[in-house]
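# Structural description and commentary
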Amino acid sequence: MNHRSLISAVDISRTLLPEDYSYRNWNKAAVKSVCQLSSDSSLVYGNIGIWLSTDNFNTFQDWNAGFPNGIDNRKISKILKTPGGKLFAGTYFGLYQYSVQEHKWQKVTLPVSEERITDLIMKQNELLVQTRSFLLKSSDGKVFQQITLPPPVNTNLKVSLFKTLWLLHSGELWGLTGKLMVDLFGLAILIISFTGLLHFIFPGWLKHRKAKQKSNISLASARNTNLHWHNRLGWIFIPFLIFVTITGMFLRPPLLIPIANSVVSPIPGTVLSSPNPWYDKLRRVAYDEQQRIFLFSTNDGFFFTDENFESPMRQPMNQPPVSVMGCNVLEKKAENTYLVGSFTGLFLWNPLTGQVADYLSGSHYQAPKVAGPPISKDMIDGWFADPSGNEFYFDYNHGVLPIRTNAQFGEMTPDIISKSLISLWNLSLEVHTGRIFEPLLGMFYILYVPIAGICILIVLISGFFIWWIGYRKKITLKNRVA
């Protein structure tokens, strides 16, 4: 799981998984938004890739030609049509431009190594491309220049505790070297588990073999060799395995809830102490033509700066709630008014006055005194408005839903469903986090990670003490003989 790009071309059919993993009504981030090409042509995009509709979302044509194989390679975060008619798509693995002559998407080379695109916007005649750490600009869509974003004013140089634990758990805190080390820990726990299982089976096996033959020297030798390596790998790796287990337990509810809003000092010498104050923090961006400012949604909240990036980043007052999973919608609705959506809900926000209202209910939003779960009943994945002014939002669980209208959005066609597989990486994540057990356990599936973590800790610690007691006895016996 630490090397997503290496397995990005491997997909699994959703028909092999529980029914809950089948798409219904464009749910599960199948669609994030719609790019209007003309009055009767639209591009529907999201985790299912890009599909063209020319009849008000009744039928769809596959528009994914040019992307590498694998559903992971066509996960689209944003599609932008420039005033000149050019089409750009930001994906998990880079920026693409649509070639009208060749009828396919072509990858655009960017001057940064990070390829995960989080947003695309236009400022007058300039295309701005945002990754998780950088902002780039281009006047022709071919040559890009990196913009130096100013640091936040009165920064305390703190970072999210959740992010710190996340990077510690994966090893990414120390870059590729750290990820390879965690890969080694994963290999070690596989070998320890396998040899431990063999050690559990061996006594019964040996007893069965003794009844059939006189000599069991080879089997006994294999048992001793198996136990030797089980113990050796155990005492070498146990501190690291305990560390990886504990950090993983805090990355999912319920243990995630108490740390979701906590901040800590960055660990020196790691990627979090990068000279770039926005490393892995940028999620959405908007340009306000009236105020001539840029508004950024980041892991640390919302920030704004002037259009020339000369003044330090400042935080607006009374910000809207955004889930720890990040902001999925940041769209300007009117002068000084923005629509903000995440797994916490959909809100209308005025950055100048600080007024926040729940957009779906129309009620004024009042922040709770005690922080609750990082998600709400409205898990907003995306939003869009059609040419007639009808608004829709995309809910992770319920799919596309109209806002204060009876407007209808077309259904997913069998062709889309059959081609919308699940990547091996995503399936691995579902198993790793326990979400795959939700159809069986219901909401109790969230206890999978903490309970599994506790079980792993018990096995590791008890196994170490069993080895230690036996080791001490051998040392004592040797000293007595000597």
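Below is a summary of the structure that appears in this document.

Definitions and limits used
- Residues numbered from 1 in each chain as written.
- Predicted model: local features only at pLDDT ≥ 70, side-chain atom pairs only at ≥ 80, totals over all residues.
- Heavy atoms only, no water.
- Helix = DSSP H or I, 4+ residues; strand = E, 2+ residues; numbered from the N terminus.
- Buried < 20%, exposed > 50% of the residue type's maximum accessible area, 1.4 Å probe, protein only.
- Contact = heavy atoms within 4.5 Å.
- Areas by Shrake-Rupley, 256 points an atom, 1.4 Å probe, with all protein chains shown as cover.
- Lys, Arg positive; Asp, Glu negative; His and termini not counted.
- Charge placed at Lys NZ, Arg CZ, Asp CG, Glu CD.
- Pairing = 2+ DSSP bridges.
- Axes fitted to C-alpha atoms, helices over the stretch in contact; angles between N-to-C directions.
- Phe/Tyr/Trp six-rings, centres within 6.5 Å; stacked < 30°, edge-to-face > 60°.
- Lys NZ or Arg CZ within 6 Å of the ring centre and 35° of its normal.
- Core = buried A, V, L, I, M, F, W, Y, C linked by side-chain atoms within 4.5 Å.
- Salt bridge = Lys/Arg side-chain N within 4 Å of Asp/Glu carboxyl O.
- Patch = residues over 30% accessible without salt bridge, like charges linked within 9 Å, V, L, I, M, F, W, Y side chains within 5 Å.

Looking now at the overall build of the protein. Helices and strands together make up the secondary structure of the protein, namely seven helices and 26 strands. Projecting the C-alpha coordinates of the protein onto the three principal axes gives extents of approximately 90 × 55 × 45 Å. Among the 482 residues that make up the protein, the fraction classed as buried is 46%. The contacts of the protein with a sequence gap of at least 6 include a subset with a gap of at least 24, amounting to 53%. Accessible area for the protein stands at about 25200 Å²; split by element, carbon and sulfur atoms hold 59% of it. Of the side-chain charges in the protein, 45 are positive and 34 negative, and the distance between the mean point of each set is 18 Å.

Across the sheet, which stays open at both edges, the three strands sit in the order β16-β17-β18 with antiparallel pairing between neighbours. The open sheet has two edge strands, β16 (282-288) and β18 (301-306), and neither has a second partner. Mean inter-strand twist for the sheet, computed between neighbouring axes without regard to direction, equals 20°.

Another aspect to go through is the environment of G90. Tracing the backbone through its elements, the reader meets G90 in strand β7 (residues 87-91). The exposure class assigned to G90 is buried, which follows from its relative accessible area of 0%. As for G90 and I403, which are separated by 313 residues in sequence, their C-alpha atoms are 27 Å apart. Filtering out sequence-adjacent residues up to four positions away, G90 remains in contact with K75, I76, S77, K78, L95, I117 and L120.

The next thing to look at is helix α5 (residues 424-433). All of the buried residues along α5 are W425, N426, L427, L429, E430 and T433. Among the residues trailing α5, G434 stands out with phi positive, at a value near 85°.

What follows concerns the environment of E102. Mapped onto the elements, E102 comes out in the loop between β8 (94-99) and β9 (104-108). When the C-alpha positions of E102 and G196 are compared, they lie 57 Å apart, and in sequence the two are 94 residues distant.

We now examine the side chain of K179. Structurally, the position occupied by K179 is in helix α2 (residues 175-210). When sequence neighbours within four positions are dropped, the list of residues in contact with K179 reads N2, H3, S170, G171 and E172.

This brings us to the packing of aromatic side chains. Tallying each qualifying case throughout the model produces 31 aromatic pairs. Measuring from ring centre to ring centre gives 5.9 Å for F57 and F384, while their planes differ by 80°; the resulting arrangement is edge-to-face. Of this pair, F57 sits in the loop between β4 (49-53) and β5 (61-62) while F384 sits in strand β23 (residues 380-385), and the two are 327 residues apart along the sequence. Residue F57 is classed as buried on the basis of its relative accessible area, which comes to 5%. On the basis of relative accessible area, F384 is assigned to the buried category, the value being 3%. For the pair F294 and F309, a centre-to-centre distance of 4.8 Å together with 20° between the ring planes defines the contact as stacked. Of the two residues, F294 sits in strand β17 (residues 293-298) while F309 sits in the loop between β18 and β19 (329-334), which places them 15 residues apart along the sequence. Judged on exposure class, the residue F294 and its partner F309 are both buried. Seen from the ring of Y359, R404 lies directly overhead, with NZ or CZ sitting 4.6 Å from the centre.

This part is about the sheet that holds strand β10 (residues 117-123). Strand order in the open sheet formed by four strands is β10-β11-β12-β13, with antiparallel pairing between adjacent strands. Edge positions in the sheet fall to β10 and β13 (145-147), since each has one partner strand and no second. Neighbouring strand axes in the sheet, compared pairwise and without regard to direction, differ in orientation by 30° on average.

We now examine the nonpolar core. Of all hydrophobic cores here, the largest spans 18 residues; its most connected members are W26, V44, I48 and F409. For W26, the residues in contact, after removing those within four places along its chain, are V31, V44, I48, F60, F394, G399, V400, F409, G410, E411, M412 and I416.

Inspection of every chain in the model, using the stated rule, returns 17 salt bridges. A salt bridge links D72 to R4, with the shortest nitrogen-to-oxygen separation between them at 2.8 Å. Remark: R4 occurs in the segment before β1 (11-12) and D72 occurs in the loop between β5 and β6 (76-81); sequence separation between them is 68 residues. On the basis of relative accessibility, which here comes to 11%, the residue R4 falls in the buried class. Measuring nitrogen to oxygen at the nearest pair gives 2.4 Å for the salt bridge that ties K163 to D280. With K163 in helix α1 (residues 161-170) and D280 in the loop between β15 (263-264) and β16, this pair connects stretches of sequence that are 117 residues apart.

Structurally, the position occupied by N47 is in the loop between β3 (42-46) and β4. Each residue touching N47, except ones within four places of it in the same chain, is listed here: Y23, K28, A29, A30, K32, I71 and K75.

Our next topic: the pairing of β9. Taken together, the five bridges between β8 and β9 define a ladder with antiparallel strand orientation. Paired with Y98 across the bridge in β9 is W105.

Working note: non-glycine residues mostly have negative phi, and peptide bonds are mostly trans. Cis geometry is adopted by the peptide bond preceding P254, which originates at P253 and carries an omega value of 10°. A positive phi angle is found at N25, which is not glycine, with a value near 60°. Inspection of the secondary structure puts N25 in the loop between β1 and β2 (33-36). Positive phi, close to 60°, is recorded for A29, a residue that is not glycine. With a relative accessible area of 7%, A29 lands in the buried category.

Turning next to a nonpolar patch on the surface. Taken together, the side chains of M181, L184, L187, L190 and I191 present a nonpolar region at the surface, about 440 Å² in accessible area. Assignment of secondary structure puts L187 in helix α2. The class of L187 is partly exposed, set by a relative accessible area of 47%.

Of all the five residues making up β7, five are buried; the element is thus mostly covered by neighbouring parts of the structure. The alternating pattern of β7 places L87, A89 and T91 and F88 and G90 on opposite faces, both of which are buried. Looking at chain direction, β6 and β7 are connected through five bridges and run antiparallel. Across the sheet, the residue bridging to L80 is F88, located in β7. Hairpin connection from β6 to β7: five residues lie between these consecutive antiparallel strands, with G85 at a positive phi of about 95°.

Spatial relationships are all this shows, so hold off on functional conclusions.
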